[in-house]
Amino acid sequence: MAKNVTSEKIQLTNARLSFPQLDRPRAFKEGQEPKFEATFLLDPSDKEHAAIIARIKSESARVAKIQFDGQIPKSLEKCWGLGNDLDKVYDGYADMFWIKAKSAARVPVVGRRKNADGKFPPLGPGDAEWPYAGCYVNAALTVWAQNSHGRKGINGNLIAIQFVKDGDAFSGNRTAVPEEEFQALEDGGPDAFEEPAEEFA
């Protein structure tokens, strides 16, 4: 029996981001290893997305066939599917194809532009292009077949994410922009912060 049969790299373009966990890892259940993760939504009616969906399905079938010696289980669990088939159709999932991917290591997150040296500067949660639920991103991932720990399934491995453009935030999940939330405080006013001169050089 093969172990951790992994697909070729799959590139997602202009996918809508959902349930991102990119700043810190999270354990799905108590006792499990915390992981970084995200779910991506693709539109089956879009020609480019339809081709990506077909590749996800074909690579999933290929690695499963290797993992299970040509006999793919009918009950094979998958990290992807149609939003309409879920027990709960989440915001933005209607008529969309979704795929979830995880990583034990921190995932590189970059913006639209490179530096003068031709490299993408890494983003952090405070950056303007930090991805949020509802924005559009590019992503690189693989799928791999599991036959262990009582589970037979196809999992997604998240490699990297690039912010592409803004979108309507899902259920108010976008990180608040301070300029949109607060007014400037007058210097020396009763609500102004004191300068922490003794704490920082």
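Residues numbered from 1 in each chain as written. Predicted model: local features only at pLDDT ≥ 70, side-chain atom pairs only at ≥ 80, totals over all residues. Heavy atoms only, no water.

### What to know about the overall build of the chain
- Tallying secondary structure elements over the chain gives two helices and nine strands in all.
- Seen in sequence order, the chain has helices and strands lined up from the N terminus as β-β-β-α-β-β-β-β-β-β-α.
- Buried positions account for 35% of the 201 residues belonging to the chain.
- Counted over contacts in the chain with a minimum sequence separation of 6, partners at least 24 positions apart contribute 67%. (Helix = DSSP H or I, 4+ residues; strand = E, 2+ residues; numbered from the N terminus. Buried < 20%, exposed > 50% of the residue type's maximum accessible area, 1.4 Å probe, protein only. Contact = heavy atoms within 4.5 Å.)

### A few points about the layout of surface pockets
- In this model, the largest pocket occupies a volume close to 1,100 Å³.
- Taken together, 34 residues line the largest pocket, and the ones lying closest to its centre are F28, K100, K102, R151 and N155.
- Mapped onto the lining of the largest pocket, the elements with two or more residues apiece are β2 (10-26), β3 (35-42), β4 (77-78), β6 (97-103), β8 (136-148) and β9 (151-165).
- At five residues, the largest contribution of residues to the lining of the largest pocket is made by β9.
- Looking at the lining of the largest pocket residue by residue, the class counts come to eleven nonpolar, eleven polar and twelve charged. (1 Å grid on protein atoms, 1.4 Å probe; cavity = no way out; pocket = protein on both sides within 12 Å on 5 of 7 lines; lining within 4 Å. Points joined across faces, edges and corners; volume = space filled by probe spheres on them. Nonpolar A, V, L, I, M, F, W, Y, C, P; charged D, E, K, R; others polar.)

### Overview of the side chain of S7
- Locating S7 in the fold gives a position in the loop between β1 (5-6) and β2.
- Other than its neighbours up to four places away in sequence, S7 contacts E59, R62, V63, T142 and V143.

### Remarks on the pattern of salt bridges
- Within the structure shown, the criterion is met by four salt bridges.
- R24 is the salt-bridge partner of D23, the closest N and O atoms lying 3.3 Å from each other.
- For R151, the salt bridge is made with E77, and the minimal N-O distance between the two is 3.5 Å. In this pair, R151 sits in strand β9 while E77 sits in strand β4, placing the two residues 74 residues apart along the sequence.
- Classification of E77 as partly exposed rests on a relative accessible area of 41%. (Salt bridge = Lys/Arg side-chain N within 4 Å of Asp/Glu carboxyl O.)

### Quick notes on the confidence of the model for the chain
- Per-residue pLDDT for the chain averages 85, and the proportion of residues at 70 or more is 84%.
- Looking across the chain, the model is least confident in helix α2 (residues 178-181), with a mean pLDDT of 47, and most confident in β6, with 98.
- For the stretch residues 172-182, pLDDT sits under 50, and the model shows seven contacts to residues farther than four places along the chain or on other chains.
- Every residue in residues 184-201 is under pLDDT 50, and counting partners more than four places away or in other chains gives three contacts. (pLDDT = per-residue confidence, 0-100.)

### Observations concerning the environment of A101
- Along the chain, A101 falls in strand β6.
- A sequence separation of 39 residues divides A101 from A140, and the C-alpha atoms of the two residues are 9.7 Å apart.

### Describing the packing of aromatic side chains
- Throughout the structure, instances matching the rule amount to four aromatic pairs.
- An aromatic cluster of at least three residues, connected via ring pairs, comprises F19, Y90 and Y93.
- Geometry around Y136 places K165 over its ring, the cationic atom sitting 5.0 Å from the centre. (Phe/Tyr/Trp six-rings, centres within 6.5 Å; stacked < 30°, edge-to-face > 60°. Lys NZ or Arg CZ within 6 Å of the ring centre and 35° of its normal.)

### So, the side chain of E59
- By secondary structure assignment, the location of E59 is in helix α1 (residues 47-67).
- If sequence neighbours within four positions are ignored, E59 has contacts with S7, E8, I10 and V143.

### Section: the environment of A64
- By the secondary structure assignment, A64 is in helix α1.
- Sequence-wise, A64 and N4 are 60 residues apart; in three dimensions their C-alpha atoms are separated by 9.9 Å.
- Among all residues touching A64, those that are not within four sequence positions of it are I72, L76, A145 and I154.

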